[in-house]
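# Examining the three-dimensional arrangement
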Amino acid sequence: MNVIKFGGSSLASGEQLKKVLKIILDDPNRKIVVVSAPGKRSSKDKKVTDLLISLGTAALQGQDIEEKIEKVLSRYRIIAEELELDSMIIKEIKANLLLLVNGDKIASDYYLDAFKASGEDNNAKLIAAYFNKEGLPARYVNPREAGLYVTEEPGNAQILAESYTNLYELRKIKEIIIFPGFFGYTKSGKICTFSRGGSDITGAILANGVQASLYENFTDVDAIYVANPSVVTNPCGIKELTYREMRELSYAGFSVLHDEALYPAFKQGIPVQIKNTNNPKAPGTIILKKRQLTNQEVVGIASSNGFCSIYIEKYLMNREIGFGRRVLEILEDQKVSYEHMPSGIDDLTIILRENQLSTEGHHLLVSRLKNELSADSVVVESNLALIMIVGEGMRQNSGTMSKAATALTRNHINIEMVNQGASEVSFMFGISADQEEQAIKALYHAFFE
Ligand SMILES: Nc1ncnc2c1ncn2[C@@H]1O[C@H](COP(=O)(O)OP(=O)(O)O)[C@@H](O)[C@H]1O
Ligand SMILES: N[C@@H](CC(=O)OP(=O)(O)O)C(=O)O
């Protein structure tokens, strides 16, 4: 049994849904279909999720919402008309949106999450109606009915372990299951979404729960490429990746798969295959526990920006018992999570996501670090990009880091920070965000051309 997830780009129009139906009919193992909300039809278009966030925010602020409701509805209406579906489905979606508008506004995060989740929920109902009309028995299943329970963290929910046993029961359903991605229910019955792009997570959770033999993730590219295709022209595609490699790459910027979507599949050893809805014959990329190592030391180069570094210097830091703990306590107290913490003898650097801190929060954190740790200096640098170079083959090869550093130096890119874990599956450079694209191109040239 396969779990098959379609992203927003695969569900953006009636024409796309016809391709989806054909893909399901092509393989009888494709039993559980996880769907996103309709995505962009072109680069200038808006995702339904973004339209819903705008609608929910306006409703929260008591603004006029008629036009915003119409924007959401028209996306579904166009799809329903293209597929010649009964117009009743659009009436139902409108009724659902009006119900949400009248929901409880006191807990604003939950109010907004219910809007966001409706994008996938209404789409799943529409897709089930379409499949049935075309003679393929399909059943819409709601995450509450299936027992998909999550933590009480709106916009950033985590799965509760008991869900996996509940989801196993889905195996008993005879029809093709159409399951909305991106959200679950808290134990108190509230809707909570995963972080953005989280339908990938739902797919992986279902694959784990039903013990699928394969988790297929259909998107709009022929493969995972060795570098972001919007930065490098025609990058090479990757045939096989290990879970570890993909975890590092998706964390560091390969948005093609959500970085939290690997763990549930990895726990059950379920292979994850990335495929193209617009070209399903292309073999795509398969993500597995182990892969055949080639003599290529690097498999991918990812990057993301929006980071800052806080450099703390104190003479004899290495001798001060509990220094690291005190740094972490201050971060915890300020409700800030850190990404990396490379250190020297008398100094350490904390790498953070910049968007966690307001200007005020930033100043408070720095002054607490300086005063409570009696540091000699605390220096903040913003506008950082992290470049991650990944490959299991690095362990067998020497000189990978020097090759990468040389490529950056030749292109006049200053390396502000280096971090390499003991696992030797990846290493990371911190550079100025202004040079991010240039760095990816230089590294692509060094390793793949
Ligand atoms: N290394 C990469 N390989 C393939 N695609 C990538 C990579 N890095 C970023 N992407 C982007 O990921 C996109 C697919 O992910 P996403 O937009 O979330 O699709 P979906 O609509 O299927 O959820 C691609 O169109 C591509 O622009
Ligand atoms: N629709 C949600 C969840 C999702 O996963 O979408 P997509 O598959 O289009 O990335 C979002 O935009 O965040």
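Residues numbered from 1 in each chain as written. Chains lettered and ligands numbered in written order. Predicted model: local features only at pLDDT ≥ 70, side-chain atom pairs only at ≥ 80, totals over all residues. Heavy atoms only, no water.

Labelled according to an unreviewed UniProt entry, the protein chain appears under the name Aspartokinase, originating from Carnobacterium iners. Taken from UniProt, the Sequence similarities (unreviewed entry) comment for the protein chain reads in full: "Belongs to the aspartokinase family." (UniProt positions renumbered as here; feature names shortened; annotations may be inferred.)

Quick look at the site of ligand 2 now. Every residue near ligand 2 is listed here: Lys 5, Gly 7, Gly 8, Ser 36, Lys 47, Thr 49, Glu 120, Phe 182, Arg 196, Gly 197, Gly 198 and Ser 199. Separating an oxygen atom of ligand 2 from a side-chain N or O atom of Lys 5 is a distance of 3.0 Å. Between ligand 2 and the protein, one listed contact pairs an oxygen atom with a side-chain N or O atom of Arg 196 at 2.7 Å. Expressed as a share of its isolated accessible area of 340 Å², the protein-covered part of ligand 2 is 90%. For ligand 2, the cavity whose grid points lie within 2 Å of the majority of its atoms is the largest pocket. Looking at the shell around ligand 2 residue by residue, the class counts come to one nonpolar, seven polar and four charged. (Near = heavy atom within 4 Å. Polar contact = N/O pair within 3.5 Å; in protein donor to acceptor, adjacent residues only side chain to side chain. Areas by Shrake-Rupley, 256 points an atom, 1.4 Å probe, with all protein chains shown as cover. 1 Å grid on protein atoms, 1.4 Å probe; cavity = no way out; pocket = protein on both sides within 12 Å on 5 of 7 lines; lining within 4 Å. Sits in = over half its atoms within 2 Å of the grid points. Nonpolar A, V, L, I, M, F, W, Y, C, P; charged D, E, K, R; others polar.)

With that settled, the discussion passes to the UniProt feature "binding site: ATP" (unreviewed entry) in the protein chain. The UniProt record annotates "binding site: ATP" (unreviewed entry) at Lys 5, Phe 6, Gly 7, Gly 8, Thr 219, Asp 220 and Tyr 225. Lining residues of the largest pocket drawn from the annotated set just named are Lys 5, Gly 7, Gly 8, Thr 219, Asp 220 and Tyr 225. Residue position: Gly 8 is located in the loop between β1 (2–6) and α1 (14–26). The residues touching Gly 8, leaving out its near neighbours within four places in the chain, are Ser 36, Ala 37, Pro 38 and Gly 39. Relative accessible area serves as the criterion here: at 11%, Thr 219 is assigned to the buried category. Contact partners of Thr 219, with chain neighbours within four places excluded, come to Ser 9, Ser 10, Val 256, Ile 274, Lys 275, Asn 276 and Thr 277. (Helix = DSSP H or I, 4+ residues; strand = E, 2+ residues; numbered from the N terminus. Contact = heavy atoms within 4.5 Å. Buried < 20%, exposed > 50% of the residue type's maximum accessible area, 1.4 Å probe, protein only.)

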